[in-house]
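Spelled out from the first residue to the last, the chains are:
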Amino acid sequence: MEVENTSSSLPVKPNFQPLKAHEISSGQVQFRKVPVPPHRYTPLKKAWMEIYTPIYDQMKIDIRMNLKGRKVELKTRPDTPDISNLQKCADFVHAFMLGFDVCDAVSLLRLDELYVESFEIKDVKTLRGEHLSRAIGRLSGKGGKTKFAIENSTRTRIVIADTKIHILGSFANIKIARDSLCSLILGSPAGKVYSKLRAVTARLAERF
(Lines give C-alpha, C1' and ligand atoms only; values in the text may rest on other atoms or scores of the structure.)
Protein backbone atom coordinates (compact mmCIF):
# COMPACT_ATOMS: atom_id res chain seq x y z
CA MET A 1 0.00 0.00 0.00
CA GLU A 2 1.46 3.32 -1.06
CA VAL A 3 1.63 6.17 1.40
CA GLU A 4 0.54 9.39 -0.21
CA ASN A 5 3.08 12.19 0.03
CA THR A 6 1.20 15.05 1.70
CA SER A 7 4.26 17.26 2.31
CA SER A 8 3.60 19.21 -0.89
CA SER A 9 0.07 20.06 0.21
CA LEU A 10 1.17 21.53 3.58
CA PRO A 11 0.91 25.32 3.82
CA VAL A 12 4.15 27.32 3.82
CA LYS A 13 5.34 28.11 7.34
CA PRO A 14 4.94 31.85 7.98
CA ASN A 15 8.07 33.81 8.79
CA PHE A 16 7.19 36.68 11.14
CA GLN A 17 9.72 39.33 12.05
CA PRO A 18 10.22 39.72 15.83
CA LEU A 19 8.19 42.55 17.35
CA LYS A 20 10.08 45.59 18.54
CA ALA A 21 9.73 46.83 22.13
CA HIS A 22 7.32 49.67 21.32
CA GLU A 23 5.13 47.33 19.22
CA ILE A 24 4.73 44.83 22.08
CA SER A 25 3.58 47.49 24.54
CA SER A 26 1.19 49.21 22.08
CA GLY A 27 3.54 52.12 21.63
CA GLN A 28 3.83 52.79 25.38
CA VAL A 29 7.27 53.53 26.81
CA GLN A 30 8.50 50.98 29.37
CA PHE A 31 10.48 52.25 32.40
CA ARG A 32 12.86 50.84 35.00
CA LYS A 33 14.37 52.73 37.95
CA VAL A 34 17.47 51.56 39.84
CA PRO A 35 18.20 53.29 43.19
CA VAL A 36 21.76 54.50 43.81
CA PRO A 37 23.13 53.78 47.34
CA PRO A 38 25.10 56.71 48.87
CA HIS A 39 28.44 54.83 48.77
CA ARG A 40 28.06 54.05 45.01
CA TYR A 41 27.36 57.64 43.95
CA THR A 42 31.02 58.60 43.37
CA PRO A 43 31.96 55.32 41.57
CA LEU A 44 28.87 55.80 39.35
CA LYS A 45 30.01 59.29 38.33
CA LYS A 46 33.49 57.96 37.46
CA ALA A 47 32.19 54.98 35.47
CA TRP A 48 29.18 56.74 33.91
CA MET A 49 30.42 56.61 30.28
CA GLU A 50 31.36 52.92 30.62
CA ILE A 51 27.78 52.22 31.76
CA TYR A 52 26.08 54.64 29.37
CA THR A 53 27.78 53.53 26.14
CA PRO A 54 26.73 49.82 25.98
CA ILE A 55 23.21 50.61 27.20
CA TYR A 56 22.56 53.48 24.77
CA ASP A 57 24.52 52.35 21.72
CA GLN A 58 24.25 48.55 21.80
CA MET A 59 21.04 47.80 23.72
CA LYS A 60 19.20 50.88 22.32
CA ILE A 61 17.86 51.92 25.73
CA ASP A 62 17.67 55.51 27.00
CA ILE A 63 19.43 56.07 30.32
CA ARG A 64 19.73 59.10 32.60
CA MET A 65 20.69 59.91 36.17
CA ASN A 66 17.92 61.48 38.28
CA LEU A 67 19.96 63.58 40.71
CA LYS A 68 16.94 64.58 42.81
CA GLY A 69 15.62 61.05 43.26
CA ARG A 70 19.12 59.47 43.35
CA LYS A 71 18.01 56.89 40.80
CA VAL A 72 19.23 55.71 37.40
CA GLU A 73 16.25 55.77 35.03
CA LEU A 74 15.99 53.54 31.96
CA LYS A 75 13.34 53.54 29.23
CA THR A 76 12.67 51.89 25.87
CA ARG A 77 13.02 53.74 22.54
CA PRO A 78 11.19 53.27 19.22
CA ASP A 79 14.32 51.49 17.89
CA THR A 80 14.77 49.18 20.93
CA PRO A 81 15.05 45.77 19.20
CA ASP A 82 13.87 43.59 22.11
CA ILE A 83 11.77 44.32 25.21
CA SER A 84 14.09 42.07 27.29
CA ASN A 85 16.91 44.59 26.72
CA LEU A 86 15.30 46.90 29.28
CA GLN A 87 15.45 44.29 32.06
CA LYS A 88 18.99 43.27 31.08
CA CYS A 89 20.12 46.90 31.36
CA ALA A 90 18.38 47.27 34.74
CA ASP A 91 20.15 44.10 35.97
CA PHE A 92 23.49 45.45 34.68
CA VAL A 93 23.09 48.79 36.51
CA HIS A 94 21.85 47.00 39.66
CA ALA A 95 24.91 44.70 39.62
CA PHE A 96 27.17 47.77 39.45
CA MET A 97 25.31 49.29 42.45
CA LEU A 98 25.96 46.08 44.41
CA GLY A 99 29.71 46.60 43.92
CA PHE A 100 30.64 44.59 40.81
CA ASP A 101 33.12 46.12 38.35
CA VAL A 102 31.65 47.39 35.07
CA CYS A 103 33.73 44.86 33.07
CA ASP A 104 32.13 42.00 35.08
CA ALA A 105 28.58 43.41 35.27
CA VAL A 106 28.46 44.08 31.50
CA SER A 107 28.39 40.29 30.92
CA LEU A 108 24.73 40.43 32.07
CA LEU A 109 23.97 42.32 28.84
CA ARG A 110 25.71 39.77 26.62
CA LEU A 111 24.83 36.41 28.18
CA ASP A 112 21.30 35.24 29.01
CA GLU A 113 22.19 32.54 31.54
CA LEU A 114 23.91 34.86 34.05
CA TYR A 115 22.29 36.38 37.10
CA VAL A 116 23.13 37.79 40.53
CA GLU A 117 22.33 36.06 43.82
CA SER A 118 22.62 37.78 47.20
CA PHE A 119 22.54 36.46 50.76
CA GLU A 120 23.67 37.55 54.22
CA ILE A 121 26.03 35.85 56.65
CA LYS A 122 23.22 35.70 59.24
CA ASP A 123 21.16 33.60 56.75
CA VAL A 124 23.80 30.88 57.17
CA LYS A 125 24.75 31.31 60.83
CA THR A 126 24.01 33.93 63.47
CA LEU A 127 27.36 35.47 64.34
CA ARG A 128 28.17 38.59 66.35
CA GLY A 129 31.21 40.67 67.27
CA GLU A 130 34.59 39.01 66.77
CA HIS A 131 33.01 35.79 65.46
CA LEU A 132 31.43 37.79 62.62
CA SER A 133 34.69 39.62 61.86
CA ARG A 134 36.58 36.31 61.73
CA ALA A 135 33.97 34.82 59.38
CA ILE A 136 34.32 37.81 57.01
CA GLY A 137 38.12 37.39 57.21
CA ARG A 138 37.81 33.68 56.30
CA LEU A 139 35.67 34.57 53.26
CA SER A 140 38.25 36.99 51.87
CA GLY A 141 41.44 35.27 53.00
CA LYS A 142 44.82 36.97 53.24
CA GLY A 143 44.91 39.70 50.58
CA GLY A 144 41.65 38.36 49.10
CA LYS A 145 43.32 35.03 48.22
CA THR A 146 40.39 32.80 49.25
CA LYS A 147 37.80 34.91 47.42
CA PHE A 148 39.91 34.93 44.22
CA ALA A 149 40.42 31.15 44.44
CA ILE A 150 36.64 30.55 44.67
CA GLU A 151 35.98 33.03 41.84
CA ASN A 152 38.54 31.41 39.52
CA SER A 153 37.45 27.83 40.29
CA THR A 154 33.72 28.50 39.84
CA ARG A 155 33.93 31.16 37.09
CA THR A 156 31.92 33.60 39.18
CA ARG A 157 32.46 37.07 40.61
CA ILE A 158 31.94 37.68 44.33
CA VAL A 159 31.38 40.93 46.22
CA ILE A 160 31.62 40.86 50.04
CA ALA A 161 29.97 44.07 51.27
CA ASP A 162 30.05 44.04 55.09
CA THR A 163 27.73 41.13 56.01
CA LYS A 164 26.13 40.85 52.55
CA ILE A 165 27.52 38.58 49.83
CA HIS A 166 26.67 38.96 46.13
CA ILE A 167 27.59 36.34 43.53
CA LEU A 168 27.45 36.87 39.74
CA GLY A 169 27.49 33.80 37.50
CA SER A 170 25.48 30.96 36.01
CA PHE A 171 23.04 28.93 38.14
CA ALA A 172 25.32 25.87 38.58
CA ASN A 173 28.44 27.95 39.27
CA ILE A 174 26.66 30.20 41.79
CA LYS A 175 25.57 27.08 43.71
CA ILE A 176 29.17 25.78 43.95
CA ALA A 177 30.49 29.21 45.01
CA ARG A 178 27.70 29.64 47.57
CA ASP A 179 28.36 26.18 49.09
CA SER A 180 32.07 27.05 49.47
CA LEU A 181 31.30 30.41 51.09
CA CYS A 182 28.77 28.80 53.45
CA SER A 183 31.39 26.23 54.53
CA LEU A 184 33.81 29.07 55.34
CA ILE A 185 31.12 30.92 57.33
CA LEU A 186 30.39 27.74 59.31
CA GLY A 187 34.09 27.51 60.26
CA SER A 188 35.69 25.17 57.74
CA PRO A 189 39.43 25.89 57.17
CA ALA A 190 40.29 27.30 53.74
CA GLY A 191 42.43 24.23 52.83
CA LYS A 192 39.47 21.88 53.26
CA VAL A 193 37.22 24.14 51.19
CA TYR A 194 39.87 24.31 48.41
CA SER A 195 40.16 20.51 48.14
CA LYS A 196 36.36 20.08 48.04
CA LEU A 197 36.16 22.86 45.44
CA ARG A 198 38.79 21.12 43.27
CA ALA A 199 36.82 17.86 43.37
CA VAL A 200 33.50 19.57 42.49
CA THR A 201 34.92 21.67 39.64
CA ALA A 202 36.74 18.63 38.20
CA ARG A 203 33.43 16.73 38.20
CA LEU A 204 31.70 19.70 36.57
CA ALA A 205 34.39 19.91 33.85
CA GLU A 206 33.91 16.20 33.06
CA ARG A 207 30.17 16.69 32.65
CA PHE A 208 30.55 19.35 29.94
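Residues numbered from 1 in each chain as written. Predicted model: local features only at pLDDT ≥ 70, side-chain atom pairs only at ≥ 80, totals over all residues. Heavy atoms only, no water.

An unreviewed UniProt entry lists the protein under the name K Homology domain-containing protein, with Coffea canephora given as the organism. Per its UniProt entry, the protein bears the Sequence similarities (unreviewed entry) comment "Belongs to the PNO1 family." As stated in UniProt under Subcellular location (unreviewed entry), the record for the protein gives "Nucleus, Nucleolus". (UniProt positions renumbered as here; feature names shortened; annotations may be inferred.)

**Describing the nonpolar core**
Formed by 31 residues in total, the largest nonpolar core has its most connected members in Ile-51, Ile-55, Leu-74 and Val-93. Elements supplying a minimum of two residues to this core: helix 2 (41-46), helix 3 (48-58), strand 2 (61-66), strand 3 (71-76), helix 4 (84-98), helix 5 (102-105) and helix 6 (107-110). Summarising the domain contributions, this core has at least three residues from each of domain 1 (28-110) and domain 2 (113-204). Sequence-distant contacts of Ile-51, that is, excluding residues within four places in its chain, are made with Leu-44, Ile-63, Phe-92, Val-93, Phe-96 and Val-102. Of all hydrophobic cores here, the second largest spans 19 residues; its members include Ile-150, Ile-174, Ala-177 and Ile-185. (Core = buried A, V, L, I, M, F, W, Y, C linked by side-chain atoms within 4.5 Å. Buried < 20%, exposed > 50% of the residue type's maximum accessible area, 1.4 Å probe, protein only. Helix = DSSP H or I, 4+ residues; strand = E, 2+ residues; numbered from the N terminus. Domains from an automatic or database assignment. Contact = heavy atoms within 4.5 Å.)

**Details of the sheet that holds strand 1 (residues 31-35)**
Pairing is antiparallel in the open sheet, where three strands are placed in the order 1-3-2. Pairing within the sheet leaves two strands with one partner each, and these edge strands are strand 1 and strand 2. This sheet shows a mean twist of 20° between the axes of neighbouring strands, independent of strand direction. Where strand 1 lies against strand 3, five bridges are found, and the strand directions are antiparallel. Across the sheet, Arg-32 pairs through a bridge with Leu-74, a residue of strand 3. Here helix 3 sits on the sheet and contacts strand 2 and strand 3; the angle it forms with strand 2, its principal contact strand, is near 150°. Its contacts with the sheet put helix 4 on strand 1, strand 2 and strand 3, and the angle it makes with strand 1 is roughly 5°. (Pairing = 2+ DSSP bridges. Axes fitted to C-alpha atoms, helices over the stretch in contact; angles between N-to-C directions.)

**Concerning helix 8 (residues 129-140)**
For helix 8, with 12 residues, the first-to-last C-alpha span of 17 Å sits near the 16 Å given by 1.5 Å per residue. Of the residues making up helix 8, those classed as buried are Leu-132, Ala-135 and Leu-139. Projected onto a plane normal to the axis of helix 8, the buried residues spread over an arc of 60° and lie on a single side. Away from its buried face by more than 90 degrees, helix 8 exposes Gly-129 and Glu-130. Those residues of helix 8 that are buried lie in contact with helix 7 (121-124), helix 9 (145-154), strand 5 (157-161), strand 6 (164-170) and helix 10 (171-185). (Expected span 1.5 Å × (residues − 1). Arc of directions from axis to C-beta.)

**A look at helix 10**
A rise of 1.5 Å per residue sets the reference length of helix 10, with its 15 residues, at 21 Å; its end C-alpha atoms lie 21 Å apart and thus fit the reference within 8%. Among the residues of helix 10, those classed as buried are Asn-173, Ile-174, Ile-176, Ala-177, Ser-180, Leu-181, Cys-182, Ser-183, Leu-184 and Ile-185.

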